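# A structural walkthrough
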Amino acid sequence: MSPKNQKKTTDGPSRTSERTGSSAEPVRHTNILVIGGGLAGLAAAIRFRREGWNDFLVLERGDDVGGTWRDNTYPGAACDVPSHLYSYSFALNPDWSRSFSQQTEIQDYIARVARRYRVRDQHVFGCEVLSARWIEDAAKWEVETSKGMFTADILVGAFGALCEPSQPDIPGIGSFAGHLFHSARWDHKTDLTGKKVAVIGTGASGIQIVPAIAPKVAELEVYQRTAAWVLPRLDRPYSRIERLACKYVPFYQRFVRSAIYWAHEAQAVALTKNPVLMKPVGLFSRARLRRAVPDPALRRRLTPDYGVGCKRILLSNTYYPTFRQDHVRLVTEGISEVREKSIVTTDGAIHDIDAIVLATGFQVTDSPTYRRLFGKDGRSLGDVFDVVGRQCYKGTAIANFPNMFLLVGPNTGLGHNSMIFMIESQVNYLADAVATMKRRRIRSVEVRAAAQESFSQMLQNKLSRTIWNVGGCASWYLDKHGDNTTMWPGFSYEFRRITRTFDIDAYHVSTRGPE
Ligand code: NAP
């Protein structure tokens, strides 16, 4: 879709009115309110523009678009999905400089797309949503934010899964007097040069940070709770000729993108249908580890004890070799406490430390935003999930929450392909829902509890055979009930198929009646 092909506006601009009730605080009303200006919120905003629905706003607590990619500025931050696939289908970028993009290049791309499709001015930056309540009588969402009140007919939750840093509950961590920050809130004012640094966590973030900071620090301790499976990262710069071909040779870039997509899609067979097929991948990874780490004792500690793919498979050519440097140490004893200037491990050792980097991941299954969304019966989404788990229809709609659509909701995560594909699928569904509501003068839609339940049962049934459930690991894919409410158990094209059109029969519908 090109901006010049966008349809003409059919809706009026956002309106400001007096709030009903005792307060005279002005309220801004829009037809659609999107929470979050990351890749998902931006995709929705662009789609609304294309459909000619300009009566929408995106509330973004940060000061720019980009979400996860704006926030994760740690050294070495890069994507492990190939560049040509990790982009919107409607905004391919022929100028990617490498086969796997760095964070800065992705963030520049996202900002450029927001400008190109003229949706930046629909964002309210620095605007944090404090609560959102469904008002049944008015059939509206009432949204309280750090920048005042908003109301909307439709609420889109695009607040992401990897946005709220998970802070480890380690005794004494509050008393640490040195530098302490999370990977997703990197403190660029702190110079780690010559310091004794501890990195806690060896997930996708940790294994990128470790090789990136090792050359400058005096000592580096890597605190590993669970070893990760690591595979090579087939990263290389793109030549000028390749970039020119992407730009000028018809269909070349689409062809490259499709080839990457299908190569990744094939991995779903092993991850979700037949985990035994992951075994050769494990042998390959072990052989790599043998070559990279000569010390057998160290190698043993770096070898995972669960099935490959149970936790996210990590891609790196530099992580294992980093441990060959004398000043880099792997610590596998648990952390019993943090003191003013040290970390104490369960073997009683005291490790003097100047700075701690928490590469400890995100609050995925227990997002704090869930506690701020209140449905038809007054309960928060967090309360509902506490009781029934993160049940959700097609990763998008939840019973008791009318006119609310999630993007990157429960069970939309992938272990094998690009999240942008899933986002665009959900945006198709959302756009068809909004179009249906407008066309049929629908006041509200609410997914039927029975439809949600049978969808969730079907998912859990399929998930029970996946590597994430049978691989013998504890991961953030599982919620506190032990259910996998994070991953999509199949091919991503299957999700595309079930989100192609809005299946109104699965919803309770109330109409506005004739005009
Ligand atoms: P993560 O995968 O959740 O890893 C967190 C790490 O911290 C794990 O090693 C975990 O150990 C450890 N940890 C957590 N709490 C701890 C505690 N109290 N004590 C000791 N260790 C603790 O988080 P992440 O690395 O930020 O990655 C999150 C997701 O972001 C990835 O799965 C991926 O989807 C995305 N991501 C992608 C890229 C990329 O594309 N290259 C880069 C970064 C992030 P356990 O394993 O034992 O729980």
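Okay, so let's go over this structure. Since the structure is predicted, the reported quantities are computational estimates derived from the model, not experimental observations.

The next point concerns the overall build of the protein. The number of helices and strands found in the protein is 15 helices and 21 strands. Taken over C-alpha atoms, the radius of gyration comes to 24 Å for the protein, in line with the 24 Å a tight globule of 515 residues would show. Here the C-alpha coordinates of the protein stretch approximately 75 × 55 × 45 Å along the principal axes. Out of the 515 residues belonging to the protein, those deemed buried represent 56%. Of the contacts made within the protein by residues no fewer than 6 positions apart, 72% connect residues no fewer than 24 positions apart. Total accessible area computed for the protein in this model is approximately 22200 Å², and 52% of it derives from carbon and sulfur atoms. Side-chain charges of the protein comprise 67 positive and 52 negative groups, with the mean position of each set lying 7 Å from the other.

Another aspect to go through is the environment of V293. Position of V293 relative to the elements: it lies in the loop between α8 (279-292) and α9 (296-302). Taking the C-alpha atoms as reference points, V293 and L155, separated by 138 residues in sequence, lie 51 Å from one another. Those residues in contact with V293, other than ones at most four positions away along the chain, are L298, R299, L302 and Y320.

For the rest of this paragraph, the subject is the state of the cysteines. Overall, the coordinates contain one disulfide when judged by the stated rule. One disulfide in the model links C310 with C473; its S-S distance is 2.0 Å. Where C310 bonds to C473 through sulfur, the torsion about that S-S bond is close to -85°, and the disulfide is left-handed. With a gap of 163 residues between them, C310 in the loop between α9 and β12 (314-315) and C473 in the loop between α14 (467-470) and α15 (492-498) connect regions that are remote in the sequence. Exposure class is identical for C310 and C473. Each is buried. No disulfide involves C163; its nearest neighbouring cysteine sulfur is the one of C127, lying 15 Å away.

The five strands lie next to each other as β8-β17-β9-β10-β13, forming an open sheet whose pairing is parallel. Each edge of the open sheet is held by one strand with a lone partner, namely β8 (179-182) and β13 (328-331). On average, each strand axis in the sheet is tilted by 15° relative to the strand beside it, whichever way the strands run. One ladder, built from four bridges, connects strand β10 (residues 219-223) with β13; its direction is parallel. Note that in β13 the partner of Y223 across the bridge is V331.

Let us now look at the environment of S510. Note on placement: S510 falls in strand β21 (residues 507-511). Its relative accessible area of 25% is what places S510 among the partly exposed residues. Linking S510 and L381, residues 129 residues apart in sequence, is a C-alpha distance of 22 Å. Ignoring any residue separated from it by four or fewer positions in sequence, one finds S510 in contact with I442, R443 and S444.

Next up on the list: the sheet that holds strand β15 (residues 342-345). In spatial order, the strands read β14-β15-β16; together these three strands make up an open sheet with antiparallel pairing. Two strands in the sheet have a free side with no partner beyond their single neighbour: β14 (335-338) and β16 (350-352). Ignoring which end each strand starts from, the neighbouring axes of this sheet average 25° apart. Pairing analysis gives three bridges linking β14 to β15, with the strands arranged antiparallel. By the bridge assignment for β15, I335 is matched with T345.

Of all hydrophobic cores here, the largest spans 113 residues; its most connected members are Y88 and L220. No other element matches helix α12 (residues 419-439), which puts 11 residues into this core. With near-sequence residues (within four places) excluded, Y88 lies in contact with G38, L39, L42, A43, Y109, V113, R257, I420 and E424. Core analysis: the next-biggest nonpolar cluster, separate from the first, contains 26 residues, L59, W134, L373 and C392 among them.

In the vicinity of the ligand lie 22 residues, with D80, S205, R225, T226 and K311 positioned nearest. G203 has a polar backbone atom sitting 3.5 Å from an oxygen atom of the ligand. With respect to the ligand, the side chain of W476 contributes an N or O atom lying 3.1 Å from an oxygen atom. Of the residues assigned to the shell around the ligand, the class counts are 10 nonpolar, eight polar and four charged.

About the cut-offs
- Residues numbered from 1 in each chain as written.
- Predicted model: local features only at pLDDT ≥ 70, side-chain atom pairs only at ≥ 80, totals over all residues.
- Heavy atoms only, no water.
- Helix = DSSP H or I, 4+ residues; strand = E, 2+ residues; numbered from the N terminus.
- Rg over C-alpha atoms; globule rule 2.2 N^0.38 Å.
- Buried < 20%, exposed > 50% of the residue type's maximum accessible area, 1.4 Å probe, protein only.
- Contact = heavy atoms within 4.5 Å.
- Areas by Shrake-Rupley, 256 points an atom, 1.4 Å probe, with all protein chains shown as cover.
- Lys, Arg positive; Asp, Glu negative; His and termini not counted.
- Charge placed at Lys NZ, Arg CZ, Asp CG, Glu CD.
- Disulfide = S-S within 2.5 Å.
- Pairing = 2+ DSSP bridges.
- Axes fitted to C-alpha atoms, helices over the stretch in contact; angles between N-to-C directions.
- Core = buried A, V, L, I, M, F, W, Y, C linked by side-chain atoms within 4.5 Å.
- Near = heavy atom within 4 Å.
- Polar contact = N/O pair within 3.5 Å; in protein donor to acceptor, adjacent residues only side chain to side chain.
- Nonpolar A, V, L, I, M, F, W, Y, C, P; charged D, E, K, R; others polar.

Nothing here speaks to function; it is all geometry.
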